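# Residue-level structure breakdown
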Amino acid sequence: MENIIELRNLSTEFKVGKNIIRIVKNVSLDVKKGQILSIVGESGSGKSVTVNSMVNLLPKNGKIASGTSMFKSESLKDIDILAQKPYGKTMRKIRGNEIGMIFQDPMQSLNPVYTVGYQIMENIREHRDISKSEARSIGIEMIKKLGIPEAESRFDNYPHQFSGGMKQRAMIAIAMVNNPDLLIADEPTTALDVTIQAQIMDLMKDMRDKEGKSVILITHNMGLVAEVADQVAVMYMGRIVEYGEVADIFTNPSHPYTKALLKSVPIPGMDKNKKLATIPGETPDPASYVKGCEFASRCQYAKEECKNRDIPLYRIEGNHVARCILHEGSKEIVDEN
Ligand SMILES: Nc1ncnc2c1ncn2[C@@H]1O[C@H](COP(=O)(O)OP(=O)(O)OP(=O)(O)O)[C@@H](O)[C@H]1O
Ligand SMILES: [Mg+2]
């Protein structure tokens, strides 16, 4: 299967006061054409920083310390996004058109000064040579598809006139309106009720199934992952600790963190008074340096050795890999370079 993006050895750092904190650590990932990749992991594990780095959009105090992010565009030659100027011509051509981004933070993509409709139309007209009125009807059609009622009059509202859920849908409209080859959706439906959420997930599934487009979906909702994802990457403290096809992850979770994560998922119909298993121990401070496996202090299987050396990825089967010493000896080590 062909890839739309190949991310290799990405490391991202932030400067905080006098300290440099490494938040993403040597992450490599393939996003396949016509597939949905889901990235999961606790809050603070580096999911958003990973995808923002992938498209070369970091805040001022952020820096890509290493890595390449090869985008296999249909219209351009393969390009390494990380070698481009973040706001240069090439990235302006790609972002918003071939790659659509739904940011976790609405303020990152909605400008309070312009109407929602204007912002959707701007994105259309920046990439396509069409009239304002054509752009307007495409934009209105898009927000209708996203379930915004009274789409025509709502189109001319300012972001502050929108509820949280509607703002989220406005961002989705901007990201999806040019029919991108890759949609990066960072917690796209958290503020939405389940019906609208299902409607939007259907749009993403259609993108994949009818048009062969790719999606990266970041979510805390493991039920949603099970339902829509093809591949799953599990992150912990800035590293990929497990990756595989969705069925492998759910039926044969091979990193203790993934196992714990799946145990803490509510199962539909479960007695609400029954407590979910929580992962014991505290979420580590990303600024702290931990030698060896970062999950060791919370892991029931940890051995002394886990804390003393870096743990490689082991190949469980096919493209299913896990970063855990439990597989040492029985599974081959994956070369990550
Ligand atoms: N601009 C920044 N400066 C300093 N630290 C940052 C910055 N942006 C993010 N971080 C830190 O990087 C770590 C990873 O953040 P990130 O937003 O990627 O987590 P996440 O996995 O997306 O979490 P969530 O599920 O809550 O969205 C966090 O500890 C966060 O505080
Ligand atoms: Mg995030």
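Preceding block: the structure.
Sequence order as written defines residue numbering, which begins from 1 separately in each chain. Throughout, the order in which chains and ligands are written sets their labels, letters from A for the former and numbers from 1 for the latter. With the structure being a predicted model, the display of local features is reserved for residues of pLDDT at least 70 and the display and counting of side-chain atom pairs for 80 or more, all residues being used for whole-chain, interface and lining totals. Hydrogens and water are ignored here; the side-chain numbers use all heavy atoms of the structure.

Let's shift gears to the overall build of the protein. Helix and strand counts for the protein stand at ten helices and twelve strands. The reference for a compact globule is 2.2 Å times residues^0.38; the radius of gyration itself is calculated from the C-alpha atoms. Since a compact globule built from 337 residues should have a radius of gyration of about 20 Å, the 21 Å found for the protein is in line with a globular shape. Projected onto its principal axes, the C-alpha positions of the protein cover 65 × 50 × 45 Å. Relative accessibility decides the category of a residue: with a 1.4 Å probe and only protein chains considered, values under 20% of the type maximum give buried, values over 50% give exposed, and everything between is partly exposed. Per-residue burial over the protein gives 53% buried out of 337 residues. Pairs of residues are marked as contacts when any of their non-hydrogen atoms sit within 4.5 Å. Partitioning the contacts of the protein with sequence separation of at least 6, the portion at a separation of at least 24 is 61%. Within the protein, one finds 44 positive and 43 negative side-chain charges whose respective centroids are separated by 4 Å. Where helices and strands are cited, they refer to DSSP runs of H or I of at least four residues and of E of at least two residues respectively, numbered from the N terminus. We treat Lys and Arg as the positive residues and Asp and Glu as the negative residues; His and chain ends play no part in the count. By convention, the charge on Lys lies at NZ, on Arg at CZ, on Asp at CG and on Glu at CD.

Each metal site lists N, O and S donors within 2.8 Å (3.2 Å for Na, K and Ca). With water left out of the atoms, a site can look as if it is missing ligands. Coordination of the magnesium ion (ligand 2) by the protein comes from S48 (OG) and Q104 (OE1), over a distance range of 2.0 to 2.1 Å. You can see S48 sitting in helix α1 (residues 47–54) and its partner Q104 sitting in the loop between β6 (99–102) and α3 (116–127), a full 56 residues away along the chain. A residue is classified by how much of its surface remains accessible, and Q104, at 42% relative accessible area, is partly exposed.

Let us now look at the pattern of salt bridges. Here a salt bridge means any side-chain nitrogen of Lys or Arg lying within 4 Å of a carboxyl oxygen belonging to Asp or Glu. Applying the stated criterion across every chain yields a total of 21 salt bridges. Its salt-bridge partner being K210, residue D206 comes within 3.6 Å of it at the nearest N-O pair. On the criterion of helical spacing, the pair formed by D206 and K210 is a turn pair, its members being four residues apart in helix α7 (residues 194–211). Note on K210: relative accessible area 66%, which makes it exposed. Note that E332 and R315 form a salt bridge whose closest N and O atoms lie 2.8 Å from each other. On the criterion of sequence distance, the pair formed by E332 in the segment after β12 (320–322) and R315 in strand β11 (residues 314–317) is long-range, its members being 17 residues apart. Exposure remark for R315: the relative accessible area of 31% places this residue in the partly exposed category. Sharing partners across several salt bridges, the network here consists of E6, K72 and D78.

Right, let's get into the pairing of strand β10 (residues 239–245). Most of β10 sits out of view: five of its seven residues are buried. A pair of strands is considered paired only if DSSP assigns at least 2 bridges between the two. Pairing of strand β9 (residues 231–236) with β10 involves six bridges; the strand directions are antiparallel. Looking across to β10, one finds that M235 is bridged to I240. Hairpin connection from β9 to β10: two residues lie between these consecutive antiparallel strands, with M237 at a positive phi of about 50°.

Positive phi is not limited to glycine here, since N56 has a value of about 65°. Examined against the element boundaries, N56 turns out to sit in the loop between α1 and β4 (62–71). Overall, N56 belongs to the buried group, its relative accessible area being 9%.

Attention shifts here to the packing of α3 against helix α4 (residues 132–145). In this analysis an axis means a line fitted to C-alpha atoms, helices contributing only their contacting stretch, and an angle means the value between N-to-C directions, from 0 to 180 degrees. Two numbers describe how α3 lies on α4: the axes approach to 9 Å, and their chain directions differ by 120°. Considered as vectors, α3 and α4 are oriented oblique to each other. For α3 against α4, the interelement crossing comes out right-handed. On the side of α3, the interface is formed by I120, M121, I124 and R125, while α4 contributes K132, A135, R136, I138, G139 and I143. Three residue categories are used. Nonpolar comprises Ala, Val, Leu, Ile, Met, Phe, Trp, Tyr, Cys and Pro, charged comprises Asp, Glu, Lys and Arg, and polar comprises the others, including Gly. Broken down by class, the residue content of the contact of α3 with α4 amounts to six nonpolar, one polar and three charged. The scheme is simple: roughly parallel for angles under 35 degrees, roughly antiparallel for over 145, roughly perpendicular for 65 to 115, oblique for anything else. Put simply, a crossing is left-handed when the front helix is turned counterclockwise from the back one by less than a right angle, and right-handed when it is turned clockwise.

For the rest of this paragraph, the subject is the site of ligand 1. It suffices for a single heavy atom of a residue to lie within 4 Å of a molecule or strand for the residue to be listed as near it. Within the structure, ligand 1 sits among 16 residues, and S43, K47, S48, Q104 and H220 are positioned closest to it. Separating an oxygen atom of ligand 1 from a backbone N or O atom of G44 is a distance of 2.9 Å. A distance of 2.8 Å is found between an oxygen atom of ligand 1 and a side-chain nitrogen or oxygen belonging to H220. Per-residue accessibility takes into account occlusion by the displayed protein chains alone, with areas from the Shrake-Rupley method and a 1.4 Å probe. Isolated, ligand 1 exposes 640 Å² of accessible area, and the fraction of that covered by the protein chains is 71%. Every element with two or more residues in the shell around ligand 1 is listed here: β1 (3–16) and α1. When residues of the shell around ligand 1 are assigned to their parent elements, the largest contribution, three residues, is made by α1. Looking at the shell around ligand 1, its residues break down into six nonpolar, eight polar and two charged. The term polar contact refers here to a pair of N or O atoms within 3.5 Å; inside protein, the definition further demands a hydrogen-donor-capable atom paired with an acceptor-capable atom, and it admits residues adjacent in sequence only when both atoms are side-chain atoms.

Glancing now at the sheet that holds β1. Remark on secondary structure: sheet strands pair via backbone hydrogen bonds, oriented parallel or antiparallel. Read from one edge of the open sheet, four strands run β2-β1-β4-β5, paired in antiparallel fashion. At either margin of the open sheet sits one strand with a lone partner, and together these are β2 (19–32) and β5 (79–80). Where β1 and β2 come together, ten bridges link them in antiparallel fashion. By the bridge assignment for β2, I5 is matched with V31. Packed on one face of the sheet, α1 meets β1, β2 and β4 and runs near 115° to β1.

What follows deals with the nonpolar core. Grouped together as the largest cluster of nonpolar side chains are 39 residues, with contacts concentrated most on I102, I120, M176, L183, M204 and L217. Of all elements in the fold, only α3, α4, α6 (164–176), β7 (182–186), α7, β8 (214–218) and α8 (222–228) reach the threshold of two or more residues within this core. The biggest single contributor to this core is α6, with eight residues. In terms of nonpolar packing, the next biggest core, distinct from the first, is built from 38 residues, I21, V27, L29 and I240 among them. Among the buried residues, those of types Ala, Val, Leu, Ile, Met, Phe, Trp, Tyr and Cys that are joined through side-chain atoms within 4.5 Å form a nonpolar core.

No statement about biological role is implied by the geometric values presented.
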